[in-house]
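An overview of the molecular structure
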Amino acid sequence: MTDRLPGVEFLGWEKPAAEAVAERLLEIGRQEALALSRCAVVVPTKESGRRLRALLAERSDSKALLSPRVMLPGQLVEAGGDGVADEVAELAAWTAVLMDADAESFSRLFPVVPEAGREEWAVGLAARLMKVRRELADHECDCAAVREALQASFGGEDGLDMWVDDEAERWLDLEKLAERVDAMLRRWELQPPHEARAAMAGNACRREGVERLIVACVPELPFVLRRCLQELARACRVDIWVHAPAELAGWFDAFGVPLEGWNTRDAGVPDSMIHVAAEERGMAAGCLRVMSAMPEAELQDVALGACDDRFVAALCTQFGDAGWPVYRPEGRALSASGWGLLMESLDRALDGGGRCEPFEALLRSPLVARAFGVRSLYGVCRLLDEVRRTRFPANAEDLPVALEAMGREGAEADLAACLSAADYARKVGDWLARLGRDGSFAFAMLSLLDALSGAVLPHLPEYGMMEKLRRALETLRRLQTRRGVFAASRVALHVLMSWSRGVAAVERNREEFALDALGWMELAYSRERNVLVTGFHEGRVPDVEVEDAFLPDRLRRVLGWEDSRLRTARDAFLLASLLEPRRAVGCVHFFVARQDPERNPVQPSSLLLRCSDEELPARVRLLFETMEAVSRPRPFERGGWHLCAGQERMPDDGRNMEHISMLDAAASSRWADASRPFSPSLLARFLRCPLRFWLRELFGIDPDKDYPDRKRAMEFNEYGTLVHGVLEDFVAEFPALRGGLDERGMARRILEMLDRRFASSYGERPLAPLMIQKRLAARSLESFSARHLKDLQEGWENVGREAEFLWTMEQGVHLKIRIDRIDRHADGRIRIIDYKTGKAMPCEDKHLEALKEDASIRFHHLLPMLPLVARERKGREELCRWKELQLPLYALAVMESGRYGCTRQPETCYYNLPRQRGGVTVEAWVPDESLMDSVRQWTRETALMIREGRCLYSAEDLGLSPYDDEIMNALAPDSLRAMLDLPQPAFPNLAD
């Protein structure tokens, strides 16, 4: 076992690990075209694998790269497949054995067994014992071997005899329990997973004909994986790649895993890179301050590390508020989603003895309401509040009767609503009774999933979790058909709840996010030059867990397993792997807090104290400086918003859209006055997400922004305003070709105009980030001056700048038009120009968004008055919706008003002035007649909806891209409509 595997290679620290691995793989691919396709690369985490694949595709010289198979260490010994117990089945078996165990027979293992709450105790202990059993399997060890090691190492030592005897008895009890669990799984016709793993080690590589296996920078390998690698080395080439220089070879074992020597190494983190805050908001603000001080070009090369999961939610909110939406690659835990809340409600209802309060809480669940076809959960909750205040129903079965009685005593409209709520309560009561019957829990839950299959929208986290939940419930269903102790519904529910704590579903539409919140193990595979490591706290880094009662460090060392010292050595190495490649190019900042979001104290990582003796006093003062205690934020302070929901009122004109009076009974549209004009930007905001449009208009939920006295950097819109102002001044001075114009003189003049406007806004001594932004603007403006001279020489003349006029179309819709620039050619052509300082994009893509099939059905079903546009793209037809109406609408307004002598459809184009390298580009577009007719209809219908105060559909309801709205996404992470208690839209059956 101590022989070094062949092919140990040290990649050095010249580049980050991901780049070093990718370049080495591409080098192998260049030597032999098919070599990579016969390789398997083992990486530490799923996210590091995704990043490696992306880097290979980006750096490859070939368009059709034959990539290697990228896999996780656990896949080498995967034990899945038919006939093997999955996690739910194994947990169920342990729970069933513990529920049936005689406490006196296992007094050493669990001396106290609770009389009440035995289900929770059994499931909780089952999860712990499963973890111990799996760790034993990882080291190809069993309980008997542990007993022997205890006797051999500690037997006969003074004062330890009694402890050794007690421990040996505990492990003997655990061995008996494990044998019962294996026997139960076999009775269920399932193979115990630890047996399957031993039999299937290495099968994944053999099955796919792998000729070369590369373990790429994996800092920890359990015993079973090491043995698997040794066995595979007999059949194929096995290489170990280590992200470190070759002169440090003695600091690693034969499998490239760091040794304890790393615990003596100075971390080399300077004080200037350490930032200490009182709590999570200060930590996030510190990250944003560091980013604001970076040059614009470096902001595209930033990685965000999230080492402490307690702080991730707050970081996502703070970064989202600042315009940097954060993606969580590890996903969202099922137990923390709407499903988790539903399971907690079910547990209270099953344990409630028929009382009304827990049953009422179940009725308020959005998932239950959707499954039972409730159109307005808000209305149901309002009636439940009222019946509780006036009728005091004691039992769940009294609630429907009380609702009906309350309805008969009220108005006719109230009677219908109360009868509907009573019917809903009875249906849920019948379903709960079925769920509570022995052996029926999984069947009842699966029926709920079936009812929700068309009601949960694909973008919601609950949708991604449904398939995992269905597989777990199918396992429970198969087990519950066997009757016995596991048939009890509360036991099955607690097994499901325990399983859900380790299950997560990733968010979709990753491209919509600006940053990834990478865990500590993922940071080693980050390619970015600038890294912000947040939550660098003791207990997270180093990853030293609370000592396990079954496998304490003392026993681990006896068994030769990884203990806390080796885990600390691993993290010390990962810190060096993160820092060293970035010392010359880039930087790594570390952020720590003094309190977690629950206001419990936290300590900075001990790795930050690994510095020279001379630096240590100052480092201690920096990390442990006294700070004023911060109180926990109150819920209404977290989003800076206020919402007053009033009596709901449905539209009465036959349109399938809610009125804004459902949000506030007194609400009315500002555009109800037919003389009030619309603007293209206002229409675009509505089309992006009607519901969020009304929330902003009616309740003003945008919090005021506070800026420091001395500004550090321009916001995106400020940069655009500065450049637009200079362009307006410049074109006004040079509207037409005249003698004496030359490229150098015009470039000099436009820069003088920039200097004047910049100084008037930011003073004579601005901070460095502002000067960098000014340089970026100067580069774009110089390029523009040359382009403008070329336009003048080609016969164009400027006839309008910031041209503003009012245009009235059919049905009295008034539009306020403001166009950046209008040019006229010597031959009579008119050209409409809009300046863009953001990301360059073709005009058609800026205005039209392609919808997938299910999204197009949803959109057409909900908004049939806005017909989708068909276009051909890459040889296939796609249906699109208008997300912007700007340029075609400008063209319509100029053409139909006859301004500037326009008698035919004008040309439209974007002048793109990017902030990055590259000159001005021109994106021209002349929409055909059908597109112009579509623009006219969309403009008219959208304006009428706003005027009438209708349409409360969110972007998610319409199947559009998730709305990048930091405030609403933080307040309503599950469903915006559910938060506002709006009824769920009815959708057609997409399967048909």
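Computed from a predicted model, the values in this text were never measured in an experiment.

1. Comments concerning the sheet that holds strand S17 (residues 848-851)
On the basis of which strands lie adjacent, the open sheet formed by 3 strands has the order S17-S19-S18 and antiparallel pairing. Strands with a single pairing partner mark the edges of an open sheet, and in this sheet they are S17 and strand S18 (869-873). Each neighbouring strand pair of the sheet contributes to a mean axis angle of 50 degrees, computed without reference to strand direction. The pairing of S18 with strand S19 (residues 876-882) spans 5 bridges and is classified as antiparallel. Within the sheet, the bridge partner assigned to alanine 870 lies in S19 and is leucine 879. Set on the sheet, helix H31 (residues 853-862) makes contact with S17 and S19; between it and S17 the angle comes to about 110 degrees. The strands touched by helix H33 (residues 929-948) within the sheet are S18 and S19, with S19 carrying the most contacts at an inclination of about 35 degrees.

2. Considering the nonpolar core
Counting residues in hydrophobic clusters, the biggest one holds 105 residues, and the most contacted among them are Phe110, Trp171 and Trp339. When residues in this core are grouped by element, the largest group, 10 residues, is from helix H3 (residues 87-100). For phenylalanine 110, the contacting residues outside a window of four places in its chain are Leu98, Ala101, Ala103, Trp121, Leu125 and Leu177. Membership of the second largest hydrophobic core comes to 63 residues, among which are Leu866, Cys880, Trp925 and Ile946.

3. What about helix H18 (residues 441-452)?
Look at H18: 17 Å from first C-alpha to last across 12 residues, which is about the 16 Å you get at 1.5 Å a residue. Taken together, the buried positions of H18 are Phe441, Ala442, Ala444, Met445, Leu446, Leu448, Leu449 and Leu452.

4. With respect to the pattern of salt bridges
Overall, the coordinates contain 80 salt bridges when judged by the stated rule. Note that arginine 38 and glutamate 32 form a salt bridge whose closest N and O atoms lie 2.5 Å from each other. Put simply, glutamate 47 and arginine 50 hold a salt bridge, and the shortest N to O gap is 3.2 Å. Taken together, the positions of glutamate 47 and arginine 50, both in helix H2 (residues 46-59) and 3 residues apart, correspond to about one turn of that helix.

5. Topic: the environment of arginine 744
Positionally, arginine 744 belongs in helix H28 (residues 743-762). Arginine 744 sits in the exposed class, given a relative accessible area of 68%. Residues arginine 744 and glutamate 782, 38 residues apart in the sequence, show an inter-C-alpha distance of 9.2 Å.

6. Describing the environment of aspartate 854
Looking at the element boundaries, aspartate 854 is found in helix H31. Owing to a relative accessible area of 30%, aspartate 854 belongs among the partly exposed residues under this scheme. For the pair aspartate 854 and glycine 959, spaced 105 residues apart in sequence, the C-alpha to C-alpha distance is 7.6 Å.

7. Focus on H28
The terminal C-alpha atoms of H28, which comprises 20 residues, lie 28 Å apart, in line with the 28 Å expected from a rise of 1.5 Å per residue. Burial in H28 covers these residues: Gly745, Met746, Ala747, Ile750, Met753, Leu754, Phe758 and Tyr762. Between the side-chain oxygen of the N-cap and the backbone nitrogen of arginine 744 there are 3.2 Å, and the N-cap of H28 in question is aspartate 742. Directly beyond the C-terminal end of H28, a positive phi value near 85 degrees is found at glycine 763.

8. Some words on the packing of aromatic side chains
Think of a pair of aromatic rings as described by two things: how far the centres are apart, and how the planes are tilted against each other in angle. Counting across every chain of the model gives 24 aromatic pairs. Geometrically, the ring pair formed by tryptophan 13 and tryptophan 262 is edge-to-face, given 6.4 Å between the ring centres and 65 degrees between the ring planes. A residue pair is termed long-range when its members are at least 10 positions apart, and tryptophan 13 in the loop between strand S1 (8-10) and helix H1 (17-31) and tryptophan 262 in the loop between strand S5 (237-242) and strand S6 (274-277) qualify at 249 residues. Across from the ring centre of phenylalanine 550, 4.8 Å away, lies the NZ or CZ of arginine 170, which sits over that ring. In this structure, arginine 676 packs its charged tip against the face of tryptophan 671, placed 5.9 Å from the ring centre.

9. Observations regarding the sheet that holds S1
In spatial order, the strands read S1-S5-S4-S2-S3; together these 5 strands make up an open sheet with parallel pairing. Each edge of the open sheet is held by one strand with a lone partner, namely S1 and strand S3 (69-71). Taken over all neighbouring pairs, the strand axes of this sheet differ in orientation by 20 degrees on average, direction set aside. Of the strand pairs in this sheet, strand S4 (residues 212-216) and S5 are connected by 5 bridges, and their pairing is parallel. Bridging across to S5, isoleucine 214 finds its partner in aspartate 239. Here H1 sits on the sheet and contacts S1, strand S2 (39-42), S4 and S5; the angle it forms with S4, its principal contact strand, is near 165 degrees. Its contacts with the sheet put helix H9 (residues 223-233) on S4 and S5, and the angle it makes with S5 is roughly 135 degrees.

Here is what the cut-offs are and how they apply
Here the residue numbers are simple positions, counted from 1 along each chain's written sequence. Side-chain atom pairs in this predicted model are given and counted only at pLDDT of 80 or more, local residue features only at pLDDT of at least 70, and totals for whole chains, interfaces and linings cover all residues. The basis for every side-chain value is the complete set of heavy atoms in the structure, and neither hydrogens nor water enter the calculation. Two strands make a pair as long as DSSP finds a minimum of two bridges between them. Counting from the N terminus, the helices are the DSSP runs of H or I reaching at least four residues and the strands are the DSSP runs of E reaching at least two. For helices, the fitted axis covers only the stretch in contact; all axes are lines through C-alpha atoms, and the angles between them, taken along N-to-C directions, range from 0 to 180 degrees. Contacts are assigned to residue pairs that have any heavy atoms within 4.5 Å of one another. Here, nonpolar core refers to any group of buried Ala, Val, Leu, Ile, Met, Phe, Trp, Tyr and Cys residues whose side-chain atoms link them within 4.5 Å. Burial status follows relative accessibility: with a 1.4 Å probe on protein chains alone, a residue under 20% of its type maximum counts as buried, one over 50% as exposed, and anything between as partly exposed. The span one expects for a helix is its residue count, reduced by one, times 1.5 Å. Should a side-chain nitrogen of Lys or Arg be within 4 Å of a carboxyl oxygen of Asp or Glu, the pair is scored as a salt bridge. In the analysis that follows, any N or O atom pair within 3.5 Å is treated as a polar contact, provided that within protein one partner can donate a hydrogen and the other can accept it, and provided that, for residues neighboring in sequence, both atoms belong to side chains. Centre distance within 6.5 Å is the pairing criterion for rings of Phe, Tyr and Trp, where only the six-membered ring of Trp is used; planes under 30 degrees apart are then read as stacked, over 60 as edge-to-face, and the remainder as tilted. A positively charged side chain is recorded as over a ring if its NZ (Lys) or CZ (Arg) lies within 6 Å of the ring centre. The angle to the ring normal must also be within 35 degrees.

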